[in-house]
Structures are given as C-alpha cells and as structure tokens.
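Given next are the chains, with one letter for each unit.
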Amino acid sequence: MDPLTDSPRQRSDSMSSSASQGSRSKMLLRQRLSQLLTCIEDMSSDDEASEEVSRTLDEAFQLCGRYIPTDPFRLHIVTWNVATAEPPEDVSSLLQLDVQPPTDLYVIGLQEVNATPVRFISDLLVEDSWSHVFMDTLAPRGFVKVTSIRMQGLLLLVFAKQIHLPYIRNIQTTYTRTGIFGYWGNKGGVSVRFSFYGHMVCFLNCHLAAHMNYALQRVDEFEYILETQNFDISDTPEIRDHKVVFCFGDLNFRIADHGLHFLRSSINSGRLNLLWDKDQFIMMKKKEPFLQEFEEGPLNFKPTYKFDRNSDTYDTSNPKTWLGFNGKKRKPAWTDRILWRIKPKTLPSEDDEDEKASTSTDDGQDEYPIFVSQDKYTSDMSYGVSDHKPVIATFSVELRKHFDTPMVHVSPVGVWSADQDALLDYTIQEDFMSSTWDWIGLYKVGFKRASDYETFVWVRENDLPETNEVIQRSVDKDSIPLLGGQYVLGYFSTNMQSIIGISANFQILESKRAVMEGLVPENINGLNK
C-alpha cells in the first residue's frame, strides 16, 4: 500500500530596512561605543562634554535593545529554457555543489521540458528525466525534493537539506495558463509556496509570450499571473501576500531598437551596459508600478538567448518565414531572468500614526525580520543542449525563526534489525491538524523524496494524540531491510503534505537472515565463505 557574480543588491524599502536591523544595529553600536571612548578621553568638566557622553550612552543602550538575532541561510535558484532537450549527464556546475557557505535550498525552474502527448503522459506516471537528474545529483548530498509542480513544459522543483524538512510547512502549488487565450499551458506560470521557519515564501516560474513586439503582452501576462494565482491559506491567499517572492523564468523580454551588429559588438567587447537602457524589462519597469516592487541584480552576464546548440555562438540560422523566404537571425537577448520582491510594509493611516505617536515609542521594527541579499547573478555558458543558457542566482537569506522545534519528535527504540520486530516512539510537540492518515516512514540516508520510504507504519488509529504524549508503534521485522545500513524515521503529515518530524540517523544491523538467504557471504573464523 502507498500512502502517498556580483556585489550584493539589497532592498531599500521599509521591510528590508527593518529586516537588516540586526546587522546595522551591531555596526552602529560599535560606532557609538567608539564615539563614547573618544568622548571619555577628551572629557572635561564642562557641561557640553557631559551631555555628549550621556547622549552617546543613551543611543548605545537603545541599539542594544533593538538587536534581534537572525540565522543565515543560502538559496540557489536556477532558471533554464531547455528547448525540449534531454538533460546533460552532469549538472554539478549548474548547482555549484561545493560552494561555501553551503546551500540550504535549491529551487529549479525549467521551461519547454519535452511535453509531447506520449512523453507528458509517461512523465505523469514516473518522474521526468530532468527531475531524476537533479534528484540523483542532490540526494547523495543530503537534499530531499520537497515538492514539484508541472504544467506541460513548465517544471518547478524545490529541494531542501534534510535538517530543514520539519520546518517547511503548509506547502501548496498552483498554476496559470496564458497560452492561446488562457486555454493552453505552453505559456503561463507555476508556483510553490510554503512556510520556512514561519516565514511565508513563494517561488514563481514563468514562461511569457515570445517575440520582440509583445512586451506589453508579457507585462499583462505577468500581472495576470500574480493577481489570479490563489492559495488555500488565509493570511497569504495570493502571491504578493507572501513576505518574500522569487519570480524567474523565460520572461522573453528583448533588447529593443539596437541592430544585430551593434548588439554583437557590444557583447563581444564586454560593454553590456550599453544595452541595458533598451532592455524591455528595464524599460517597462520604469512605467509599471507593480514591476518596481521587484528587484533584479545587474545584467553583467552575456544575453542568454539565442545560441546555436552545443556552442557559445549566437544564432547563425536563417529561419524561414511563412512564405518560405529567409527570415532574420534572432537578436541576442536577456530573456531568462531572476527577480525577487520583499513585501512592502503597509503604510499606516493618519489615525494609526496619531495613535502610535501617542501610545508607543516603537520604530516599526519587525519582531521576526527577514533580509534578502543577492550574492551572485550569472549564467553558465558551459551547457549547450538548449538554445538558451541557464541563469543562476544565489541569495543570502537572514531571518529570525518563528520556531526551531519540530511539530513531532520521532525516534527508534532499541536495536533494529530484520531478526525481530522493531519499535519507534513519536511525540506531538505542537498542536496541529493531525490525521489518522499520517504515517511514519523508514528512509535510507540519502533518500530523494517523501515517497522513497523502505517501509512505513500508520500513526495510532483509534485516538488522536495529546500534546507531549509518547506513543509507541511496532514495525514488522519482515519489512525491515535485511542488509541494514544508515536510516532515518520521518513523520509525514497528510494535511500539510510534508515531513514534519525526522529522527537522527541510526544504524540498522545486518540481519542473520541475510546470511541464510545468501545476500551476504557467511563469515567463519574471519574468512568469507
């Protein structure tokens, strides 16, 4: 049965200012203390020096009171229009696996994944080849696929380090079609939202309308996706309700006005800045208020479209027009983009401001801040399977956790082997909407996704557990792996669609039955027989 490259860019709005308060407070505190020491050294008996010391001390103590500790995380986003190609054998450089500090979350958005009818149906039954190559690469590094969503050629994958799984909650996905008057899913957007240590985040992978003359349509489609995608979460029903939103994909914006010769000479000479003013997204952002809420790093990498396949050469083909005449070569363009948005702080009304001024001295600091800065924004020119090059962005995310205790504590009891039934304990540590359809899976260390359990047991069926009640379940010896190895236990919540409790790694001993059944050689007097 199956239960189932560049300097950091930072938002400068009020939320970001609040979110970075911890780091800024520490810096300002050091400055004020330095000023204080200077004042003391120069201190005389006059009142002016005394007032300076008093004022500096007051500011230092205020800064001490404002300091909020945060935890750092690293996010790695990839967007790539793969143009129906099969994945390359090695995606290591795309994922930058050995980067320091290590990555905590990988989010991968693909466009134009092969979606012919036969292929699409087969991918619904088993994971598609792109998902497999990323899972096979990341699982040995301790990353688990949290969720995914696919709409025809659009695919969005989210991976997290195993230790973060219990703190990724309320996962939901949705999609919007914009192709052929909204009835076809070759264009549109797919999104994933979840709570990460209590902070609401959303990731949106888009493929917008193509061709030079459709910039306005692309803007309309983007706004339509943002406004119409809904989630069954009361406090974040829409994308822009989330505290942080990352939008990426083949947005298809082109470089206007410039001729092909000027474009290529600017690119070849490294003078990319000459092209920025005519980038359609940058131009539209100056006109559209909703686009101004999104941040993007500098375009200091070559345009990622259009290339001859398996080369670093921009398009040399002569496409045919509908009358059979030779058409123009595609101009290079930054079609593939990664944006982010911090939810703007709601401005209080005049009445609220009066009340706040009269009743509180709080400066609007967020008790649970989140701060996003971009560490790198680049493309990887080494991949040639598509006529697009993949784009990569890495982010530092600092946040104060709303919680750091899993909802469920689960652990093995005693020695485990397939020679006898085994026991496990689980305890509900925080009240949540549990279900008798919840289950506890046994996973081999390095598992790829929640469905990769070796075996599972249902949670207690007769009564829902009380908070802090220790509940014990038995695991049949016949379902325990004979050869043993390193394993973990994971509590899967059906309502939350995620693993909300995971044990430490533990050893399952090799079973005597394994020798009897010839799965391992028998060891006699130190010799394998």
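Just so it is clear, the structure is predicted and the values come from calculations on it, not from any experiment. (Residues numbered from 1 in each chain as written. Predicted model: local features only at pLDDT ≥ 70, side-chain atom pairs only at ≥ 80, totals over all residues. Heavy atoms only, no water.)

J.: Quick rundown of the environment of Asp380? Include the residues and the values.
T.: Mapped onto the elements, Asp380 comes out in the loop between β11 (370-379) and β12 (391-399). Considering only alpha carbons, one finds Asp380 and Ile392, twelve residues apart in sequence, at a separation of 7.4 Å. For Asp380, the residues in contact, after removing those within four places along its chain, are Ser93, Leu94, Lys389, Pro390 and Ile392. Polar side-chain contacts of Asp380 include one of 2.5 Å to the side chain of Ser382. (Helix = DSSP H or I, 4+ residues; strand = E, 2+ residues; numbered from the N terminus. Contact = heavy atoms within 4.5 Å. Polar contact = N/O pair within 3.5 Å; in protein donor to acceptor, adjacent residues only side chain to side chain.)

J.: Before we move on, can you summarise unusual backbone geometry with the specific residues and values?
T.: The linkage connecting Gln100 with the following residue, Pro101, adopts the cis geometry, with an omega of -5°. Looking at the element boundaries, Pro101 is found in the loop between α4 (92-95) and β3 (105-111). The amide bond that connects Tyr305 to the next residue, Lys306, takes the cis arrangement and shows omega of 0°. Locating Lys306 in the fold gives a position in the loop between α11 (289-292) and β10 (336-342). Its identity as a non-glycine residue notwithstanding, Thr84 has a phi of 65°, on the positive side.

J.: Mind laying out the state of the cysteines, listing which residues take part and the relevant values?
T.: Summed over the entire model, instances satisfying the criterion amount to zero disulfides. The cysteine Cys206 is free of any disulfide, with Cys247 supplying the nearest cysteine sulfur at 6.0 Å. Looking at Cys247, the relative accessible area reads 2%, which means it is buried. (Disulfide = S-S within 2.5 Å. Buried < 20%, exposed > 50% of the residue type's maximum accessible area, 1.4 Å probe, protein only.)

J.: How would you sum up the pairing of β11? Please name residues and give values.
T.: Working note: regular strand, side chains alternate between the two faces of the sheet. Counted residue by residue, β11 has eight buried out of ten residues, so it is predominantly covered. With nine bridges joining them, β11 and β12 adopt antiparallel strand pairing. Looking at β12, one finds that Gln374 is bridged to Phe395. (Pairing = 2+ DSSP bridges.)

J.: Outline the layout of surface pockets, listing residues and values.
T.: A volume near 340 Å³ is recorded for the second largest pocket. Taken together, 13 residues line the second largest pocket, and the ones lying closest to its centre are Met212, Arg254, Lys329, Arg330 and Lys331. Within the lining of the second largest pocket, the residues separate by chemical class into six nonpolar, two polar and five charged. (1 Å grid on protein atoms, 1.4 Å probe; cavity = no way out; pocket = protein on both sides within 12 Å on 5 of 7 lines; lining within 4 Å. Points joined across faces, edges and corners; volume = space filled by probe spheres on them. Nonpolar A, V, L, I, M, F, W, Y, C, P; charged D, E, K, R; others polar.)

J.: I'd like a rundown of the sheet that holds strand β13 (residues 408-413), residues and numbers included.
T.: Strand pairing in a sheet is mediated by backbone hydrogen bonds. Such pairs are either parallel or antiparallel. Strands sit in the order β13-β15-β18 across an open sheet of three strands; the sheet is antiparallel. Here the strands that pair on one side only, and so sit at the sheet edges, are β13 and β18 (470-475). This sheet shows a mean twist of 25° between the axes of neighbouring strands, independent of strand direction. With six bridges joining them, strand β15 (residues 422-428) and β18 adopt antiparallel strand pairing. Pairing of Tyr426 across the sheet is with Ile471, part of β18. (Axes fitted to C-alpha atoms, helices over the stretch in contact; angles between N-to-C directions.)

J.: Break down the pattern of salt bridges for me, with residues and values.
T.: Throughout the structure, instances matching the rule amount to 15 salt bridges. Linking Asp257 and Lys278 is a salt bridge whose minimum nitrogen-to-oxygen distance equals 3.1 Å. Of this pair, Asp257 sits in the loop between β9 (244-250) and α8 (260-268) while Lys278 sits in the loop between α9 (273-276) and α10 (280-287), and the two are 21 residues apart along the sequence. Overall, Asp257 belongs to the exposed group, its relative accessible area being 59%. On the basis of relative accessible area, Lys278 is assigned to the partly exposed category, the value being 28%. (Salt bridge = Lys/Arg side-chain N within 4 Å of Asp/Glu carboxyl O.)

J.: Just give me the short version of the nonpolar core, but keep the residues and values in it.
T.: Side chains of nonpolar character tend, in soluble globular proteins, to be buried together. Counting residues in hydrophobic clusters, the biggest one holds 60 residues, and the most contacted among them are Leu75, Ile77, Phe194, Phe196, Phe203, Phe246 and Phe395. Broken down by element, the residue count for this core peaks at five residues, all from β12. When sequence neighbours within four positions are dropped, the list of residues in contact with Phe194 reads Val158, Ile168, Arg169, Asn170, Ile171, His199, Met200, Val201 and Phe203. Core analysis: the second largest hydrophobic core is formed by 26 residues, Val408, Trp416, Ile480 and Tyr491 among them. (Core = buried A, V, L, I, M, F, W, Y, C linked by side-chain atoms within 4.5 Å.)

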